[in-house]
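One-letter residues, chain by chain:
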Amino acid sequence: MEQETARETTRETAERFRTAIEKRDLAALDDLFTEDIRLYSPVKFVPFEGKPMVLGLFGVLLRVFEDLRYLGRLEGEAETGADGEQAPSVILPFRAVVGGKQIHGIDLLQLDDAGRVKEFTVMVRPQSAVQALGQAVMAGLVADGLVPAPPE
């Protein structure tokens, strides 16, 4: 019974996340994230940390991604990067366009005991799309004052 409740919570969180992204609703995302969320990005070695930074990043991503659509949902458990513990996890495969480049990727959401996202990992392909995404995201982060402009 407890395992079934955890599965329902995982599905509910995944569906709420997907709906928030599709509606471009940052307020709904705020309710889904832990305060100390970590987001592992394909364009940055160290994770983005903390709800304010991650929400800021999602604000940029929602502007950068065009024609974003999720293709399904895979559920299970996986070891987290932060503490090595097993956590309920959901993989949401997606397709989108960034800077005219087609992107195929996955969002890996790892949840805490309350069903909130504590770790988020994004993986995308192909390499040309990763580069376009990195440039667009960096420009958005700088424009929003979330990171300093790189030295020229």
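Below you will find a few notes about this structure. Quick caveat: nothing in here was measured; it's all calculated off a predicted structure.

## Thoughts on the nonpolar core
Burial of nonpolar side chains together is a common tendency in soluble globular proteins. Phe17, Leu29, Phe33, Phe58 and Leu133 are the most contacted members of the largest nonpolar core, which has 38 residues in total. Taken together, the elements giving at least two residues each to this core come down to helix H1 (2-23), helix H2 (26-32), strand E1 (33-40), helix H3 (51-64), strand E5 (86-98), strand E6 (101-111), strand E7 (117-125) and helix H4 (127-143). Ranked by residue count, the leading element in this core is H3, at eight residues. In contact with phenylalanine 33, other than residues within four places in its own chain, are Phe17, Lys51, Val54, Leu55, Phe58, Arg116 and Val117.

## Observations regarding H3
Taking 1.5 Å of rise per residue, the 14 residues of H3 would be expected to cover 20 Å, and the 20 Å separating its terminal C-alpha atoms lies within 8% of that figure. For H3, the full list of buried residues reads Lys51, Val54, Leu55, Gly56, Leu57, Phe58, Gly59, Val60, Leu61, Leu62 and Val64.

## Quick notes on the packing of aromatic side chains
Counted according to the given criterion, the structure contains seven aromatic pairs. Their ring planes at 40° and their centres at 5.5 Å tell us that phenylalanine 33 and phenylalanine 58 sit as a pair that is tilted. Linking phenylalanine 33 in strand E1 with phenylalanine 58 in helix H3, this pair joins segments that are 25 residues apart in sequence. Look at phenylalanine 33 and you get buried, because its relative accessible area is 0%. Plain terms: the ring middles of tyrosine 70 and phenylalanine 94 are 6.1 Å apart, the flat faces sit at 70° to each other, and that makes the pair edge-to-face. Pair noted here: tyrosine 70 is in strand E3 (residues 66-70) and phenylalanine 94 is in strand E5, with a separation of 24 residues, a long-range link. The ring of phenylalanine 48 carries lysine 44 above its face, with NZ or CZ at 4.4 Å from the centroid.

## A word on unusual backbone geometry
In this model, arginine 125 is joined to proline 126 through a cis peptide bond whose omega is -5°. The residue proline 126 is located in the loop between E7 and H4 in this model. With phi around 55°, arginine 24 is a residue other than glycine that occupies positive phi space. Relative to the helices and strands, arginine 24 resides in the loop between H1 and H2.

Rules behind the numbers
Residues numbered from 1 in each chain as written. Predicted model: local features only at pLDDT ≥ 70, side-chain atom pairs only at ≥ 80, totals over all residues. Heavy atoms only, no water. Core = buried A, V, L, I, M, F, W, Y, C linked by side-chain atoms within 4.5 Å. Buried < 20%, exposed > 50% of the residue type's maximum accessible area, 1.4 Å probe, protein only. Helix = DSSP H or I, 4+ residues; strand = E, 2+ residues; numbered from the N terminus. Contact = heavy atoms within 4.5 Å. Expected span 1.5 Å × (residues − 1). Phe/Tyr/Trp six-rings, centres within 6.5 Å; stacked < 30°, edge-to-face > 60°. Lys NZ or Arg CZ within 6 Å of the ring centre and 35° of its normal.

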